[in-house]
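# Breakdown of the fold
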Amino acid sequence: MKTLISILLLYVLPFSSLGQNIERKIDLAKKDMDFSLTIPKSFKALDSGKIFRCGDAKLSSSMIYTLINSDSSIRIGIAVTHQVQEKDAEWVRAHANKKFDANSNYKKVAVLLADTTKGKLKFYPKEYSKRIFNADDAGEYVRNCMLPFETRYTHHRVVFATKANKGNVDLIYFYTDKDLKKIDEIVKKTSGILRFN
């Protein structure tokens, strides 16, 4: 009996701590970057941080938290990029790029990842970015992903918000054909779940 309990604990404990680990990652990011995240109505949190491989030969996003709606047709992955520390930025300016600005680096990433044949890289007006996200800049773009996320979500859109000296947070919307026509409305209703303090 003791052996059976020991074996069960070996298998159950790592999986129960997995969810706690993801919880801790999002909590640490929220504290470190000073932002809040509210789970929208009809969504729930999943115990799964995942690396999203798009298949477009560009950077992949490491999501530290995932939300899913009630019928599983939409997932929202949360990915964070911490601000480059000033000492590291100084090194880059001294050795690689004299004009490197850590606070505008997210713009280059957005330009790199955006698929401008299917959509456009859209920066929100400064007033909207401040009012909704309390961010210095925010916007959205789509990517041309050949690999569906979780073999099911064939479309996705990224809403990003950035705050100087804190970092960048991406809300990555994965959705099916079912929500294709209403994704604009869904993004508008839910993107305010992220707010810098």
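Everything discussed here concerns the structure shown above.
### A few points about the nonpolar core
One finds Phe-35, Leu-37, Ile-78, Phe-133 and Leu-171 to be the most contacted residues of the largest nonpolar core, which totals 30 residues. Those residues in contact with Leu-171, other than ones at most four positions away along the chain, are Leu-37, Ile-76, Gly-77, Ile-78, Arg-157, Val-158, Val-159, Ser-191, Ile-193 and Leu-194. Ranked by size, the runner-up nonpolar core spans 18 residues in total, among them Cys-54, Tyr-106, Tyr-141 and Ile-172.

### Brief notes about the side chain of His-156
Along the polypeptide, His-156 turns up in strand S9 (residues 155–163). Owing to a relative accessible area of 5%, His-156 belongs among the buried residues under this scheme. If sequence neighbours within four positions are ignored, His-156 has contacts with Phe-52, Val-142, Arg-143, Cys-145, Ile-172, Tyr-173, Phe-174 and Tyr-175.

### Re the layout of surface pockets
The space that makes up the second largest pocket amounts to roughly 320 Å³. Lining the second largest pocket are 23 residues, and of these Lys-118, Val-142, Arg-143, His-156 and Tyr-175 lie nearest its centre. Elements that contribute at least two residues to the lining of the second largest pocket include exactly strand S8 (137–142), S9, strand S10 (167–175) and helix H5 (183–190). Among the residues forming the lining of the second largest pocket, the class breakdown is 11 nonpolar, five polar and seven charged.

Cut-offs used in this document
- Residues numbered from 1 in each chain as written.
- Predicted model: local features only at pLDDT ≥ 70, side-chain atom pairs only at ≥ 80, totals over all residues.
- Heavy atoms only, no water.
- Core = buried A, V, L, I, M, F, W, Y, C linked by side-chain atoms within 4.5 Å.
- Buried < 20%, exposed > 50% of the residue type's maximum accessible area, 1.4 Å probe, protein only.
- Contact = heavy atoms within 4.5 Å.
- Helix = DSSP H or I, 4+ residues; strand = E, 2+ residues; numbered from the N terminus.
- 1 Å grid on protein atoms, 1.4 Å probe; cavity = no way out; pocket = protein on both sides within 12 Å on 5 of 7 lines; lining within 4 Å.
- Points joined across faces, edges and corners; volume = space filled by probe spheres on them.
- Nonpolar A, V, L, I, M, F, W, Y, C, P; charged D, E, K, R; others polar.

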